[in-house]
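What follows is the residue order along each chain.
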Amino acid sequence: MSLYNIFDIAGSGMSAQTTRLNLVASNMANADTVSSSTGETYRARQPVFAAVLQNEVSSHQQSAAKSVRVSGVVESQAPLRQEFAPQHPMANDEGYIFKPNVNIVEEMANMMSASQSYKNNVEMLNTAKQLLQQTIKIGQ
Amino acid sequence: MTTTIDSLFGVHEQALIYRSKRAEILASNMANADTPGYKARDFDFKSVLNTLKTPSARVDQTHHQHIGFDQTPAAVSLAYRIPTSASLDGNTVDAKVEQAQYAENAMDYQTSLRFVNGKISSYLSALRGE
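Residues numbered from 1 in each chain as written. Chains lettered and ligands numbered in written order. Predicted model: local features only at pLDDT ≥ 70, side-chain atom pairs only at ≥ 80, totals over all residues. Heavy atoms only, no water.

Some thoughts on the packing of helix H1 (residues 12–31) of chain B against helix H2 (residues 45–53) of chain B
Residue and element names in this part refer to chain B. One can describe the packing of H1 onto H2 by two numbers: an axis separation of 11 Å at closest approach and a directional angle of 140°. Classified by the interaxial angle, the pair formed by H1 and H2 is oblique. As for the relative orientation of H1 and H2, their crossing is right-handed in sense. Where H1 abuts H2, its residues Gln14, Ala15, Tyr18 and Arg19 lie against Phe45, Val48, Leu49 and Leu52. Split into classes, the residues belonging to the contact of H1 with H2 amount to 6 nonpolar, 1 polar and 1 charged. (Axes fitted to C-alpha atoms, helices over the stretch in contact; angles between N-to-C directions. Helix = DSSP H or I, 4+ residues; strand = E, 2+ residues; numbered from the N terminus. Parallel < 35°, antiparallel > 145°, perpendicular 65-115°, else oblique. Left-handed = near helix turned anticlockwise from the far one by under 90°. Contact = heavy atoms within 4.5 Å. Nonpolar A, V, L, I, M, F, W, Y, C, P; charged D, E, K, R; others polar.)

This is how it looks when you write it as structure tokens:
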């Protein structure tokens, strides 16, 4: 029954969007983390989504239904913010501190997009649930 | 009046199968709304129902050892949706379009369900002689 697959698909979407929201939260929380070298500095993290073919094994015909998964997390390659602050306790020998390359505005937009997608998946799941409930009530 | 039990629900039996199939495809489009390179897919419900009307498209199993195959989804030829706007990551899913299609599909599913229920209740009342 295809409607049952929607639970898997919507569930995978919700879990992927949750990962995305977690990373946004992590990025925003660490937006002002200061360190004294480029190696230790936090870098903005983003999930990479990939489509997964549903029931690849059980079905020989081409199935278009695809759930989504997080295939990996990448760190942003944008340059770190370097500031000259000799009085800062974390300043290195030359008096510089390093701040993460997190773009707060970008993260806010990302968060809104993720929460919207999450809501879409929830709605989808609810509709599928209603349809199934009505289906099992056939003839009553 | 044909009263074979097979044709009791008419086209709605098949319609429900394909409506749920379509719901699944639209659901995967929406789940992959943020997947880079994902292409939104769909099929033309009307043309699928039309192919079902031609009896030559169906294959019967006349022997229990015949290799069976799922005949219903085979008729579905999936197409790619033409995107309304290009996106940088190659994704062609427009969440709003998919949402609207999904809602419409759900409504049509419920319509078919209503017809099936109506058929059942009218047959029941005919059987009871009320």
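There's more to say after this.
What to know about the environment of A:Leu125
Residues and elements named next belong to chain A. When you line up the elements, leucine 125 lands in helix H2 (residues 104–136). Since its relative accessible area comes to 22%, leucine 125 is described here as partly exposed. Sequence separation between leucine 125 and valine 102 is 23 residues, and the spatial gap between their C-alpha atoms is 33 Å. The residues touching leucine 125, leaving out its near neighbours within four places in the chain, are Phe7, Ala10 and Gly11. (Buried < 20%, exposed > 50% of the residue type's maximum accessible area, 1.4 Å probe, protein only.)

Examining the packing of helix H1 (residues 2–29) of chain A against H2(A)
Residues and elements named next belong to chain A. Interaxial distance between H1 and H2 falls to 9 Å at its minimum, and their mutual angle equals 160°. In this view, H1 runs roughly antiparallel relative to H2, as classed from their interaxial angle. As H1 runs across H2, the sense of the crossing is left-handed. Of the residues contributing to the contact of H1 with H2, the split by class is 20 nonpolar, 10 polar and 3 charged.

Topic: the packing of aromatic side chains
The tally for this structure, following the rule as stated, stands at 2 aromatic pairs over all chains. With a centroid separation of 5.3 Å and an interplanar angle of 65°, the aromatic rings of A:Phe84 and A:Tyr96 are classed as edge-to-face. Of this pair, A:Phe84 sits in strand E3 (residues 81–84) while A:Tyr96 sits in strand E4 (residues 96–99), and the two are 12 residues apart along the sequence. A:Phe84 sits in the exposed class, given a relative accessible area of 56%. The ring of B:Phe45 carries the charged tip of B:Arg19 above its face, separated from the ring centre by 3.5 Å. (Phe/Tyr/Trp six-rings, centres within 6.5 Å; stacked < 30°, edge-to-face > 60°. Lys NZ or Arg CZ within 6 Å of the ring centre and 35° of its normal.)

Quick word on the environment of A:Thr38
Residues and elements named next belong to chain A. Within the secondary structure, threonine 38 sits in the loop between H1 and strand E1 (45–53). For threonine 38, a relative accessible area of 41% puts it in the partly exposed group. For the pair threonine 38 and leucine 3, spaced 35 residues apart in the sequence, the C-alpha separation amounts to 50 Å. Apart from residues no more than four positions distant in its own chain, threonine 38 is found in contact with Arg43, Leu80 and Phe98.

As for H2(B)
All names here are of chain B. Among all positions of H2, only Phe45, Val48 and Leu49 are buried. One side of H2 holds all its buried residues, which, seen down the axis, span an arc of 95°. Facing away from the buried side of H2, by more than 90 degrees, are the exposed residues Lys46 and Lys53. Contacts made by the buried residues of H2 are with H1. (Arc of directions from axis to C-beta.)

Digging into the confidence of the model for chain A
Mean pLDDT over chain A: 89, with 91% of residues reaching 70 or higher. Across residues 57–61 of chain A, confidence stays below pLDDT 50; counting only partners more than four residues off in sequence or on other chains, it has 2 contacts. (pLDDT = per-residue confidence, 0-100.)

A closer look at the pattern of salt bridges
Oppositely charged side chains can pair when the atoms bearing their charge come close. Residues and elements named next belong to chain B. Throughout the structure, instances matching the rule amount to 7 salt bridges over all chains. Aspartate 108 is paired through a salt bridge with arginine 19; the nearest N and O atoms lie 3.3 Å apart. On the criterion of sequence distance, the pair formed by aspartate 108 in helix H3 (residues 95–128) and arginine 19 in helix H1 is long-range, its members being 89 residues apart. Exposure remark for aspartate 108: the relative accessible area of 24% places this residue in the partly exposed category. For arginine 19, a relative accessible area of 10% corresponds to the buried category. Between aspartate 42 and arginine 22 there is a salt bridge whose closest N-O contact spans 2.8 Å. (Salt bridge = Lys/Arg side-chain N within 4 Å of Asp/Glu carboxyl O.)

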